[in-house]
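Close look at the chain arrangement
Chain by chain, the residues run as shown.
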Amino acid sequence: MLLSAFISKRFRAHSGQKDGQNGFVSFIAKASTIGILLGVAVLIVALSVINGFEQQLVHRLLSVVPQVEYVAPNKPINNWQSKVALLRSQAGVTGAAPFISVNGMAQYKSELKAVEVRGVSPEFENQVSALNQFTEGRLVSQLQQEDVLLGQQIVTRLGLKIGDPVTLLIPQINQQSNTLLAPKRVSLNLAGIIKMGGPIDETAAFIRLDKAQSVLSFEQNQVTGLRLQVADVFAAHQTAMRVGQVIPDYVYVSSWFRTQGSLYQDIQMVRTIVYIVVFLIIAVASFNIVSSLVMEVREKQANIAILKTMGAQDSTILATFVMQGFTQALIGVILGTVIGVMLALNISELFTWASNLFGDNPLQGVYFIEFLPSKLVWQDIVITVIVTFVLAILATLYPAWQATRVDPAKVLGN
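Thresholds, definitions, all that
- Residues numbered from 1 in each chain as written.
- Predicted model: local features only at pLDDT ≥ 70, side-chain atom pairs only at ≥ 80, totals over all residues.
- Heavy atoms only, no water.
- Helix = DSSP H or I, 4+ residues; strand = E, 2+ residues; numbered from the N terminus.
- Buried < 20%, exposed > 50% of the residue type's maximum accessible area, 1.4 Å probe, protein only.
- Contact = heavy atoms within 4.5 Å.
- Areas by Shrake-Rupley, 256 points an atom, 1.4 Å probe, with all protein chains shown as cover.
- Patch = residues over 30% accessible without salt bridge, like charges linked within 9 Å, V, L, I, M, F, W, Y side chains within 5 Å.
- Salt bridge = Lys/Arg side-chain N within 4 Å of Asp/Glu carboxyl O.
- UniProt positions renumbered as here; feature names shortened; annotations may be inferred.
- Phe/Tyr/Trp six-rings, centres within 6.5 Å; stacked < 30°, edge-to-face > 60°.
- Arc of directions from axis to C-beta.
- Pairing = 2+ DSSP bridges.
- Polar contact = N/O pair within 3.5 Å; in protein donor to acceptor, adjacent residues only side chain to side chain.
- 1 Å grid on protein atoms, 1.4 Å probe; cavity = no way out; pocket = protein on both sides within 12 Å on 5 of 7 lines; lining within 4 Å.
- Points joined across faces, edges and corners; volume = space filled by probe spheres on them.
- Nonpolar A, V, L, I, M, F, W, Y, C, P; charged D, E, K, R; others polar.
- Core = buried A, V, L, I, M, F, W, Y, C linked by side-chain atoms within 4.5 Å.

**Observations concerning the overall build of the protein**
- Within the protein, the secondary structure is distributed over 14 helices and ten strands.
- Put simply, the protein has 414 residues, and 50% of those count as buried.
- Once local pairs closer than 6 in sequence are excluded, the contacts in the protein between residues at least 24 apart make up 79%.
- When the accessible surface of the protein is summed, it comes to about 20,600 Å², and 60% of that surface belongs to carbon and sulfur atoms.

If you want it as C-alpha cells, here you go:
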C-alpha cells in the first residue's frame with residue numbers, strides 16, 4: 001500500500017507538468033475535483049437551509065397555528081371547562097384551550113379587510129400558543145374586554161396604529177329561518193400587532209373569549225372549538241384522532257397537516273429533489289475521474305509495463321490508480337465541505353446583506369419567515385461525504401482494472 005501511495009504521488013507530480021497530453025489530463029482531473037467540490041458545497045448548504053425551514057416550521061409557525069383543533073359544526077360545545085381538563089389529562093397532550101372562531105370584517109374609516117376573529121381565553125391560550133413572542137403592544141395574556149389584536153398586514157392595509165378604534169363586523173344568522181341578518185358591529189381598540197410574517201398576518205384578529213361569547217350570544221360555558229398542543233407535532237394527526245374519541249360532542253377533527261401540511265410536504269419534496277439533483281452532479285463529477293484516469297493509464301502504459309517487469313503485482317497497480325482517483329475526490333470533498341459549512345453557518349447573514357444591497361426580499365410576505373434560516377446537521381455532512389467517496393471509488397475501478405491488463409511485452413516491444 002505504501003508503494004502504491006508513492007507511485008501515485010509520482011504520477012500526480014508528473015501529470016502536473018503543463019506540456020501536451022500531461023496538461024490536458026491534469027485539466028480533466030482538476031475539473032472533476034472542482035465538480036465534486038461544488039456538488040458537496042451546494043448539497044451541504046441546500047440541506048442546511050431545508051433543515052432551517054423545517055426547524056422554523058416547528059418552533060415558529062407550529063407554535064402559533066393550531067396543532068390540533070376540535071370544532072363544533074352545528075351547535076356550540078357546552079361545559080368547555082371540564083372538557084379542557086379531560087383533554088389535558090390525555091397522553092401526548094401538553095396543553096388545551098377553548099376558542100370561538102368566526103369570519104368577519106375589520107373596518108377603519110372607509111377601509112375594510114376580511115379577518116378571522118378568534119375569541120381566546122388569556123388564561124389558557126398561553127398553554128397552546130407562543131403568540132406573545134410575535135406580538136407588539138399588549139400581549140394575548142393581557143387582553144382587556146375592549147381590546148383586539150390584529151395581524152401586521154391588516155394593520156398596514158387599514159392604516160392603523162396601536163390605540164386606534166377598530167370596528168369588527170360579525171355576521172349574524174337567524175337560527176329559525178337560517179337566513180343571514182345584518183352584521184353586528186363591535187367597536188374595539190387596537191391594543192397589539194401580530195408580526196408573524198406570511199399569510200397569518202393577513203387574517204389574524206384576536207379578542208377575549210368572554211367578549212366573543214357576548215357578541216354571539218353564547219353562554220359562559222359555550223365555545224365553538226377546543227385547541228390542543230401536542231408533545232410530538234409530527235404525530236399530531238394520530239394524536240388528534242386518538243384523543244378526540246374522549247369528547248362526547250360531535251366535532252370536526254383538524255390538525256396542522258390540513259392547514260399547513262402542504263408547506264411541510266413542499267419542504268420534504270424539495271429535500272428529495274435536492275438530494276437527487278446534487279448527487280447526480282456529484283456523480284457526473286465523479287465519473288469525470290474515469291475520463292482522466294483512462295487517459296492517464298494510456299499515457300502511463302510504459303511506466304506500468306516497467307513496474308510489472310520489476311515485479312509489481314496487479315494489486316499494486318490497481319491500488320495506485322484507485323488512489324489517484326481517491327485523491328482527486330478527497331481534495332474536492334475536503335474543500336467542498338469546508339466551503340459548504342462556512343456558507344451554511346453564515347447564509348442567513350449573507351441573504352440579509354444581499355436583500356439590503358438589492359433592496360428586495362423574495363421571502364417577504366410569502367412564507368412565515370422573511371429570512372433564510374439554516375441548521376447544520378452533521379449527519380447530512382457525513383452522508384454527503386460517504387456517498388461522494390463511494391461514487392469516486394466506483395469511478396476509479398474500471399480504469400485501475402484496465403491498468404492491470406497492460407502487457408509489458410507488447411508495450412516495451414514497440
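**Brief notes about a nonpolar patch on the surface**
- Among the surface-exposed residues, Phe326, Leu330, Ile334, Val338, Met342, Val382, Ile386, Val390, Ile393, Leu394 and Leu397 lie close enough to one another that they form a single nonpolar patch of about 910 Å² accessible area.
- In terms of residues, the nonpolar patch owes the most to one element, helix 13 (residues 378-404), which gives six residues.
- Note that valine 338 resides in helix 12 (residues 314-358).

**Some points on the UniProt feature "transmembrane region" (unreviewed entry) in the protein**
- This chain's UniProt record puts "transmembrane region" (unreviewed entry) on residues 27-50, 273-295, 316-345 and 381-401.
- Between the C-alpha atoms that bound residues 273-295 the distance is 34 Å, and the span itself is 100% helix and 0% strand.

**What about the packing of aromatic side chains?**
- Applying the stated criterion across every chain yields a total of four aromatic pairs.
- Seen in terms of ring centroids, tryptophan 80 and phenylalanine 124 are 5.5 Å apart; in terms of plane orientation they differ by 85°. Their pairing is edge-to-face. Pair noted here: tryptophan 80 is in helix 3 (residues 80-88) and phenylalanine 124 is in helix 4 (residues 122-125), with a separation of 44 residues, a long-range link.
- We classify phenylalanine 124 as partly exposed; its relative accessible area is 22%.
- A ring pair is formed by phenylalanine 234 and tryptophan 256, whose centres lie 6.2 Å apart and whose planes are at 75°; its orientation type is edge-to-face. Here phenylalanine 234, found in the loop between strand 9 (225-230) and helix 8 (236-244), pairs with tryptophan 256, found in helix 9 (residues 256-259); they are 22 residues apart in sequence, far enough to count as distant.
- Given the relative accessible area of 33%, phenylalanine 234 is considered partly exposed.
- The structure contains a cluster of three or more aromatic residues connected by ring pairs, namely Phe234, Trp256 and Phe257.

**Brief notes about helix 3**
- If you check which residues of helix 3 are buried, you get Trp80, Lys83, Val84 and Leu87. Projection of helix 3 onto a plane perpendicular to its axis shows the buried side chains occupying an angular sector of 105°, all on one side.

**Side note on the pairing of strand 2 (residues 93-108)**
- The buried fraction of strand 2 amounts to twelve of the 16 residues, a majority that puts the element mostly inside the structure.
- Where strand 2 lies against strand 9, six bridges are found, and the strand directions are antiparallel. Each residue of the ladder has a partner; that of alanine 96, found in strand 9, is leucine 228.
- As paired strands, strand 2 and strand 3 (residues 111-120) are joined by ten bridges and run antiparallel to one another.

**Some words on the side chain of arginine 227**
- Inspection of the secondary structure assignment puts arginine 227 in strand 9.
- We classify arginine 227 as buried; its relative accessible area is 2%.
- For arginine 227, the side chain forms a polar contact with the main-chain oxygen of valine 64, separated by 2.5 Å.
- Within polar-contact distance, the side chain of arginine 227 engages the backbone oxygen of valine 128 at 3.1 Å.

**What about empty space enclosed by the protein?**
- All told, the structure shown has two cavities of 30 Å³ or more when counted by the stated rule.
- There is about 70 Å³ of room inside the largest cavity.
- The wall of the largest cavity is formed by Ile100, Val102, Val117, Gly119, Leu168, Ile170, Val186, Ile207, Ala212, Val215 and Leu216.
- Elements with a contribution of two residues or more to the lining of the largest cavity: strand 2, strand 3, strand 6 (165-174) and helix 7 (209-215).
- In terms of residue class, the lining of the largest cavity is made up of ten nonpolar, one polar and no charged.

**Some details on the nonpolar core**
- In terms of nonpolar packing, the biggest core is built from 105 residues, with Tyr70, Leu150 and Leu168 touching the most fellow members.
- The element contributing the most residues to this core is helix 10 (residues 261-299), with 13 residues.
- Contact partners of leucine 168, with chain neighbours within four places excluded, come to Met105, Ala106, Val117, Val148, Lys184, Arg185, Val186, Leu188 and Ile207.

**With respect to the pattern of salt bridges**
- Going through the model one piece at a time under the given rule, you end up with ten salt bridges.
- A salt bridge links aspartate 164 to lysine 161, with the shortest nitrogen-to-oxygen separation between them at 3.6 Å.
- By relative accessible area, aspartate 164 is classed as buried at 9%.
- Among the ionic contacts, a cluster of salt bridges with common partners joins Glu69, Glu116 and Arg118.

**A closer look at unusual backbone geometry**
- The backbone of asparagine 79 shows a phi angle near 55°, a positive value even though the residue is not glycine.
- Along the chain, asparagine 79 turns up in the loop between strand 1 (68-71) and helix 3.

**Some thoughts on helix 8**
- The complete set of buried residues in helix 8 reads Ala236, Thr239, Ala240, Val243 and Gly244. Angularly, the buried residues of helix 8 cover 120° about the axis, an arc narrow enough to put them on a single face.

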